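Examination of the molecular architecture
Single-letter residue listing:
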Amino acid sequence: MAKHAVLAGGSGFLGQALAVALVRRDYTVTILTRTPRAASGGIEYLEWDGATAGEWARSLEGAAAVVNLTGRSVNCIHSPENRREILASRLNSVRVLNEAISRCAQPPLALVQAGSLAIYGDAGDRVCDEQAPHARDFSADVCEQWEAAFASGRTPQTRRVLLRVGLALGRGGGALQPLAKLARCFLGGTVGHGRQYLSWLHVADLNEMFIQAMERPEIMGAYNATGPAPVTNAEFMRELRHAVGRPWSPPAPEWAVRFGAHWIMRTDADLALTGRRCVPRRFLEQGFQFRHAELAAALHDLLSRS
Ligand SMILES: NC(=O)c1ccc[n+]([C@@H]2O[C@H](COP(=O)([O-])OP(=O)(O)OC[C@H]3O[C@@H](n4cnc5c(N)ncnc54)[C@H](OP(=O)(O)O)[C@@H]3O)[C@@H](O)[C@H]2O)c1
């Protein structure tokens, strides 16, 4: 019998990529979304609001795994209203999934929660493994509350894993396509001082991490889900320029990034001006094999056909 996976908030960038990878491994997939669409390609969509119990909870019965990818995007201006929604969408979905699993007659075998490396804050060149200290800023505070809500769930028959996800590079969403577009327009210069680190990974490796977290009983607790070779912003932008055939672009000083982020891109400049140098220590210790460990090759793979 096919194994069943439920992806809460799985209609977005990471969820769509993971759903396709799961179908290839013979899973049937249910995506919980606020705007359901017709089933296709082994993926069905069920309506939920990310906050209250409903019919959707039946899809959890007997599932091999539930993965929670719900969260209002942080790629926006961090106004008080957006901050409230960024936090509430994460805490509500964690709480309601915990409640739904605790009511299952046949609970899912695993619950995998997406978190973020932003918990380590703007960490300079300090190497951050899973034991690194947590920062004190808005994004890190969101991550801490998100993780605390996840940790408070009581689902004894369901193994629980939290993946602190890095900057996922893929087609069809996420940060890479807009960055590549800017780079093609000669706007791919070093951002700010350029020494802030980007902890990146190819979405195919992230899919594999999610699937291992779903399937391997020895995987439990919090993991950095990122690549083995974080790079500085200056290195990242240089490789990106090469990948799109624009070997040089003027650097973007901090004031220009702040202006452009706020008034043109309508987002928070700190997403580009700060960074962290994270390593996937626990995955490496457990023998995880990366398919895309090198940035130049990963960018070539993702951008050569777009
Ligand atoms: N992409 C990355 O590189 C990255 C890095 C670190 C962490 N993460 C985390 O991983 C998770 C998935 O990332 P993603 O890139 O796939 O994000 P995404 O494309 O923005 O998808 C997130 C999903 O969350 C749901 N959602 C948004 N706001 C909601 C709200 N107010 N209430 C209920 N549901 C809401 C949406 O589903 P519907 O609109 O269909 O309901 C959406 O499809 C997020 O929690 C993100 O913070 C991602």
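Fair warning: this is a prediction, and the values are worked out from it, not measured in the lab.

Membership of the largest hydrophobic core comes to 85 residues, with the highest contact counts inside it found for Ala5, Leu7, Val66, Val67, Val112 and Leu163. Looking at which element gives the most residues to this core, the answer is helix H5 (residues 203-215), with 6 residues. Each residue touching Ala5, except ones within four places of it in the same chain, is listed here: Leu22, Tyr27, Val29, Ala63, Ala64, Ala65, Val67 and Met214.

Attention shifts here to the packing of helix H1 (residues 13-24) against H5. Two elements in contact, H1 and H5, have axes whose closest approach is 10 Å; the angle formed by their N-to-C orientations is 70 degrees. Comparing their axes, H5 and H1 come out roughly perpendicular. As H1 runs across H5, the sense of the crossing is right-handed. Taking contact as the criterion, the partners of Leu14, Ala17, Leu18 and Ala21 in H1 are, on H5, Val203, Leu206, Asn207, Phe210 and Ile211. For the contact of H1 with H5, the per-class residue count stands at 8 nonpolar, 1 polar and no charged.

What follows covers the site of the ligand. Among the 24 residues in the neighbourhood of the ligand, the closest are listed as Ser11, Gly12, Thr33, Gly50 and Gly71. Every element with two or more residues in the shell around the ligand is listed here: H1, helix H2 (80-102), strand S5 (110-116) and strand S8 (167-169). Element by element, the count of residues in the shell around the ligand is highest for H1, at 3 residues. A per-class count over the shell around the ligand returns 7 nonpolar, 14 polar and 3 charged.

What follows covers the pairing of strand S7 (residues 159-165). In terms of burial, S7 is largely enclosed, as 6 of its 7 residues are buried. Across 7 bridges, S5 lies against S7 in parallel orientation. Bridge pairing in S7 places Leu111 opposite Arg160. One ladder, built from 5 bridges, connects S7 with strand S11 (residues 221-225); its direction is parallel. Looking at the pairing, Val165 lines up with Ala225 of S11.

A word on the environment of Asp137. Here Asp137 shows up in the loop between strand S6 (127-128) and helix H3 (138-151). Spatially, the C-alpha atoms of Asp137 and Asp122 are 9.0 Å apart, while their sequence positions differ by 15 residues.

Pairing within the open sheet is parallel, and its 7 strands lie in the order S3-S2-S1-S4-S5-S7-S11. Each having just a single partner strand, strand S3 (43-47) and S11 make up the two edges of the open sheet. In this sheet, adjacent strand axes meet at a mean angle of 20 degrees when their direction is disregarded. For strand S2 (residues 27-33) and S3, the ladder comprises 5 bridges, and the chain directions are parallel. Each residue of the ladder has a partner; that of Thr33, found in S3, is Glu47. Its contacts with the sheet place H1 against strand S1 (3-8), S2, S3, strand S4 (65-68) and S5, and it is angled at close to 160 degrees to S2. Lying over the sheet, H5 contacts S1, S4, S5, S7 and S11, oriented at roughly 165 degrees with respect to S7.

A few words on the pairing of S2. Burial within S2 is extensive, with 6 of its 7 residues counted as buried. Once the chain exits S1 it traverses H1 before rejoining the sheet at S2, and the crossover so formed is right-handed.

Chain-level pLDDT for the chain is 97 on average; 99% of the residues reach the 70-or-more range. Predicted confidence in the chain is weakest over helix H7 (residues 254-265), with a mean pLDDT of 95, and strongest over S11, with 99.

Moving on: unusual backbone geometry. The phi torsion at Asp26 lies on the positive side, around 70 degrees, for a residue other than glycine. Note that Asp26 resides in the loop between H1 and S2. When the 10 C-beta atoms within 10 Å are taken as the criterion, Asp26 is described as exposed. Although it is not a glycine, Arg266 sits at a positive phi angle of roughly 55 degrees. Following the sequence through the fold, Arg266 ends up in the loop between H7 and helix H8 (270-273).

Rules of the game
Residues numbered from 1 in each chain as written. Predicted model: local features only at pLDDT ≥ 70, side-chain atom pairs only at ≥ 80, totals over all residues. Core = buried A, V, L, I, M, F, W, Y, C linked by C-beta atoms within 7 Å. Buried ≥ 20, exposed ≤ 12 C-beta atoms within 10 Å, placed from the backbone. Helix = DSSP H or I, 4+ residues; strand = E, 2+ residues; numbered from the N terminus. Contact = placed C-beta atoms within 7 Å. Axes fitted to C-alpha atoms, helices over the stretch in contact; angles between N-to-C directions. Parallel < 35°, antiparallel > 145°, perpendicular 65-115°, else oblique. Left-handed = near helix turned anticlockwise from the far one by under 90°. Nonpolar A, V, L, I, M, F, W, Y, C, P; charged D, E, K, R; others polar. Near = placed C-beta within 6 Å. Pairing = 2+ DSSP bridges. Right-handed = clockwise from strand over helix to strand, strands pointing away. pLDDT = per-residue confidence, 0-100.

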